[in-house]
Amino acid sequence: MTKDLAALAARVQRLEDERAVAAVIAAYGPLADQGDAAAVARLWTEVGTYEVVGFATARGRDAIAALIEGPTHRALMADGCAHLLGPVAVTVEGDAATAVGHSVVFRHDAARFVVERVSANRWQMVRTAEGWRVAARVNALLDGQAAARALLALPPG
Amino acid sequence: MTKDLAALAARVQRLEDERAVAAVIAAYGPLADQGDAAAVARLWTEVGTYEVVGFATARGRDAIAALIEGPTHRALMADGCAHLLGPVAVTVEGDAATAVGHSVVFRHDAARFVVERVSANRWQMVRTAEGWRVAARVNALLDGQAAARALLALPPG
Amino acid sequence: MTKDLAALAARVQRLEDERAVAAVIAAYGPLADQGDAAAVARLWTEVGTYEVVGFATARGRDAIAALIEGPTHRALMADGCAHLLGPVAVTVEGDAATAVGHSVVFRHDAARFVVERVSANRWQMVRTAEGWRVAARVNALLDGQAAARALLALPPG
């Protein structure tokens, strides 16, 4: 491979990485809303974490699947829900990436829809043999708390 | 073209395809909200369909344009509306693609905004001489019905 | 560089440009919601403008930073807010680009979330030595006014 071709291939690789990181996050909402706990869990690494600030931290795929199988999420699904993730600001650095963005949960409630949760999210992603996976997601309700705003800081670059 | 260059070109083509599929869906909201019925219809193939589960199926561009020209959509526009489509999970397979994601309709109502509809969407897209077009869109209200959740299943790959 | 390689490099450049334009817009919400006025202002060119139709036009980075530092935005942040920008339809033409899309502001209000604003947005972007920057953003409330709908017109191509 020539030097020019190798340089172009590196640019394509970066676009593919950014696209793959965004795709993992774009898959979260559809998978959560259909209650596919195993597929949601596989978005994380084996030891990945999902922290909801002020609530709890799930560690590992079984714990993350349990959130989707649990009564709170099942009640939300029975009512009707949508986990809408906004655009994410993605920064890739070799085999790691950071993504920052919002999540909004809509819930069907007595023939109308209400905004159930609006949160800040910070995703730490890693490249694995299976593709990009979530090493850590931190979510905090944007209810005025400083901890939620801090999650939205963009990494340099 | 060398083998290395051809391999890189195929990767670029995939990124372009995924981008083009997402762009068709990203155009839907702005076009619908400004009431450009002809341009909305042109996002579909000549024989494309738009099914709203439990309501109706529009077949072909004239029928899709009629949805935008119809009294329900015109009343929504007169009040003020936004069709916000979240991120889509796009899977391209040669000349066909599947995209899965949410749509949320906001409506202005007496000096405030309300969440009018929250839906699951499944888009079947095809590559045509005009570019990527919608062969079939199925939309179902996320009001707890299983049919809506089923639309959110992600294709393998 | 061969002709084939140069042609492929031009396609990669276009994907990078579209990605970079979308990334500037994706950064706006997280930066605004954490109140980072200087970083929000740097998304614009030195002489960039931000017009809210029927309200005011901020000209230049100091004026844009002042919007984020001002009492209206600070009150919103104290309550808890999320500026969610939907997908954008991006058209790049050399060193200029147009992006069209929605913005939705959610506000935390007495233990629930409300939809504070839903707007149409039209972004004129330019390539600068610092990267893609906003030359002009126009925002109008989707409350039924024709001026808002007009912002959503997609450029040809």
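Definitions and limits used
- Residues numbered from 1 in each chain as written.
- Chains lettered and ligands numbered in written order.
- Predicted model: local features only at pLDDT ≥ 70, side-chain atom pairs only at ≥ 80, totals over all residues.
- Heavy atoms only, no water.
- Contact = heavy atoms within 4.5 Å.
- Buried area = accessible area lost by both parts, 1.4 Å probe.
- Salt bridge = Lys/Arg side-chain N within 4 Å of Asp/Glu carboxyl O.
- Helix = DSSP H or I, 4+ residues; strand = E, 2+ residues; numbered from the N terminus.
- Nonpolar A, V, L, I, M, F, W, Y, C, P; charged D, E, K, R; others polar.
- Core = buried A, V, L, I, M, F, W, Y, C linked by side-chain atoms within 4.5 Å.
- Buried < 20%, exposed > 50% of the residue type's maximum accessible area, 1.4 Å probe, protein only.

(A) Structural context of the interface of chain A and chain B. On the chain B side, the residues contacting the 30 residues of chain A number 29 residues. Of the roughly 2,400 Å² buried at the junction of chain A and chain B (both faces included), carbon and sulfur atoms supply 71%. The largest contributions to the chain A side of the interface with chain B come from A:Arg19, A:Leu84 and A:Phe113, which together make up 25% of the buried area. A:Glu16 is the salt-bridge partner of B:Arg11, the closest N and O atoms lying 2.7 Å from each other. At the level of secondary structure, the elements contributing two or more residues to the side of chain A that touches chain B comprise α1 (3-33), α4 (71-79), β3 (81-85), β5 (96-109) and β6 (112-128) of chain A. With 14 residues, the single largest contributor to the side of chain A that touches chain B is α1(A). Class assignment for the residues of the side of chain A that touches chain B results in 19 nonpolar, 7 polar and 4 charged.

(B) Geometry of the interface of chain B and chain C. Facing the 30 residues of chain B at the interface are 29 residues of chain C. When chain B packs against chain C, close to 2,400 Å² is buried across both sides, 70% of that on carbon and sulfur atoms. Of all residues in chain B, B:Arg19, B:Leu84 and B:Phe113 give up the largest surface area on contact with chain C, accounting jointly for 26% of the area buried on that side. Seen at the junction of chain B and chain C, the total is 2 salt bridges. Where the side of chain B that touches chain C is concerned, the elements lending two or more residues are α1 (3-33), α4 (71-79), β3 (81-85), β5 (96-109) and β6 (112-128) of chain B.

(C) Main features of the nonpolar core. Counting 45 residues, the largest nonpolar core has A:Phe106, A:Val115, B:Phe106, B:Val115, C:Phe106 and C:Val115 as its most contacted members. Residues contacting A:Val115, with those up to four places away along its chain left out, are A:Val104, A:Val105, A:Phe106, B:Val115, C:Phe106, C:Phe113 and C:Val115.

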